[in-house]
Amino acid sequence: MPVTMPRMNKLSVFCLALTFVAGAIYFACWREMSIKRQRLASESQVVQTPYGAVEYKSWGSGPAVLVVHGAGGGFDQGSSIPTAFAGEGFHWIVPSRFGYLRSLLPPDASTAAQADAFASLLESLGIGRVAIVAMSGGVPPSLQFALRYPERTAALVLLSTAPFTPMTAEEQKLPVPIWLYQALFNSDFPFWMLEKVAGSRIEAIFDVKPGLRASMTPAEQDFVAHLVDAFQPVTMRAEGLRNEGAAIDPLTEYRLEKISAPTLVVHARDDGINPFAFGEYTAQHIPGARLMALPTGGHLLLGHHAEIRAEVTDFLQNPFAAARH
């Protein structure tokens, strides 16, 4: 008669095999995140400011441009913005905002304090005057910089503007529920696993609609892929993400009518994260601001990167040219 394994023994073997597979998957995640942490540390530098450590990456030569990344980012996310939306011939300085990667979250993590931290970073680098290119959540502290340091702000380029006082986050139309964003940022493993299993479908979190995905250029496909990858390790960005509410603190003022820097606002009418009204309001209230309103493109302005790049490059060059003459 054939010998059969008792049911309990079969269950034990199954549980042991399942534990081994789960352990191997988790180890793969841990190893990949460890490699990413080492790579990120090797690609950036850290300076000490009155607001604590501020991390940044810098490259290129020419007029200085400060690049301010959006929610969930860091210098690595910000580093993809110049390639996507601007041309050559500039000195790029890309910091990680408060709570992202190696930039600490200070007791005062307001957008005004973030602007002061940017100023301290620029002073440490010996840079006096800069243009600013900001995307989404990077817009509110950039507005504060222009208000607090008008003599140091050569120009503002504001892409897919995020809410700031008096606008509220409730007006946003996030592609997925806020609780899912929060769950994904509690641990590195869920986002890592979702990216492995869901593939390109995870791009929906970034407002990449199917129609936009089909029309993306190869360069835009690379931009989106880099953006998704630049959310990891998510635990190194969780504090910064929780601090995004500082932009709509009712005690923080944004006196847009006092901004004197030449300003270009770019926003898509079908932005599924930050409604078009945010960009429209910003352009209407900054004296002389120009609004580049796109009919489509979503939050990442897809399908229009080439025309935006030409417009932004020309816009960044003109203020500096005017300053030289």
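Numbers given to residues run from 1 along each chain, matching the order in which its sequence is written. Local features are withheld for residues below a pLDDT of 70 in this predicted model, meaning they are given only at 70 or higher, and side-chain atom pairs are given and counted only at 80 or more; totals for whole chains, interfaces and linings count all residues. Working from all heavy atoms in the structure, the side-chain values ignore hydrogens and water.

A. Fine view of the sheet that holds strand E3 (residues 64-68). Strands qualify as paired when DSSP identifies two bridges or more between them. A run of H or I in DSSP becomes a helix once it reaches four residues, and a run of E becomes a strand once it reaches two; helices and strands are each numbered from the N terminus. Strands sit in the order E1-E2-E4-E3-E5-E6-E7-E8 across an open sheet of eight strands; the sheet is mixed. Edge positions in the sheet fall to strand E1 (45-49) and strand E8 (290-294), since each has one partner strand and no second. Each neighbouring strand pair of the sheet contributes to a mean axis angle of 20°, computed without reference to strand direction. One ladder, built from four bridges, connects strand E6 (residues 153-159) with strand E7 (residues 263-268); its direction is parallel. By the bridge assignment, leucine 158 is partnered in E7 with valine 265. Seen against the sheet, helix H5 (residues 139-148) touches E3, strand E5 (130-135) and E6 and runs at an angle of roughly 160° to E6. Residue contacts follow a heavy-atom distance rule, with two residues in contact if any of their heavy atoms lie within 4.5 Å. Under this scheme, a helix contributes an axis fitted over its contacting stretch, all axes are lines through C-alpha atoms, and angles between N-to-C directions fall in the 0 to 180 degree range. The strands touched by helix H11 (residues 276-285) are E6, E7 and E8; relative to E7, the strand with the most contacts, the crossing angle is about 165°.

B. Structural detail: the pairing of E5. Exposure is judged per residue with a 1.4 Å probe applied to protein chains only, and the accessible area is read against the type maximum: over 50% gives exposed, under 20% gives buried, and values in between give partly exposed. In terms of burial, E5 is a largely internal element, six of the six residues being buried. Neither face of E5 is left uncovered, since the one carrying Val130, Ile132 and Ala134 and the one carrying Ala131, Val133 and Met135 both have all their residues buried. Inspection of the sheet shows E3 paired to E5 by four bridges, in the parallel sense. Paired with valine 67 across the two strands is valine 133, which belongs to E5.

C. Summary view of helix H9 (residues 218-229). Any helix carries an expected span of 1.5 Å times its number of residues minus one. Taking 1.5 Å per residue as the helical rise, H9 with its twelve residues ought to reach 16 Å, and the 16 Å between its terminal C-alpha atoms agrees with that figure. Those residues of H9 lying buried are Glu220, Phe223, Val224, Leu227 and Val228. All buried residues of H9 project into a common sector of 130° when viewed along the axis, lining one side. Along H9, the residues that are exposed and aim more than 90 degrees away from the buried face are Pro218, Ala219 and Asp222. Directions pointing from the helix axis toward each C-beta atom define the arc.

D. Quick look at the pattern of salt bridges. Each reported salt bridge corresponds to a side-chain nitrogen of Lys or Arg within 4 Å of a carboxyl oxygen of Asp or Glu. Going through the model one piece at a time under the given rule, you end up with eleven salt bridges. Residue glutamate 43 pairs with arginine 39 through a salt bridge whose shortest N-O separation is 3.5 Å. Of this pair, glutamate 43 and arginine 39 both sit in helix H1 (residues 7-43), separated by four residues, roughly a single helical turn. Note on glutamate 43: relative accessible area 31%, which makes it partly exposed. Since its relative accessible area comes to 33%, arginine 39 is described here as partly exposed. Of the charged contacts, one joins arginine 213 and glutamate 203 as a salt bridge, the two residues approaching to 2.9 Å between their closest N and O atoms. Linking arginine 213 in helix H8 (residues 210-215) with glutamate 203 in the loop between helix H7 (188-198) and H8, this pair joins segments that are ten residues apart in sequence. Residue glutamate 203 is classed as buried on the basis of its relative accessible area, which comes to 12%.

E. Quick peek at the packing of helix H4 (residues 111-124) against H5. The N-to-C vectors of H4 and H5 enclose an angle of 70°; their axes lie 8 Å apart at closest approach. With respect to H5, the axis of H4 lies roughly perpendicular. Considering how the two elements wind past one another, H4 and H5 form a crossing that is right-handed. Between H4 and H5, the contacting residues are Thr111, Ala112, Gln114, Ala115, Asp116, Phe118, Ala119 and Leu122 on the first element and Pro140, Pro141, Gln144, Phe145 and Arg148 on the second. Residue composition of the contact of H4 with H5, grouped by class: eight nonpolar, three polar and two charged. Any angle from 65 to 115 degrees is called roughly perpendicular, while one under 35 is roughly parallel, one over 145 is roughly antiparallel, and all others are oblique. By convention, the crossing between two helices is left-handed when the near helix turns anticlockwise from the far helix through less than a right angle, and right-handed when the turn is clockwise. Charged means Asp, Glu, Lys or Arg here, nonpolar means Ala, Val, Leu, Ile, Met, Phe, Trp, Tyr, Cys or Pro, and polar covers whatever is left, Gly included.

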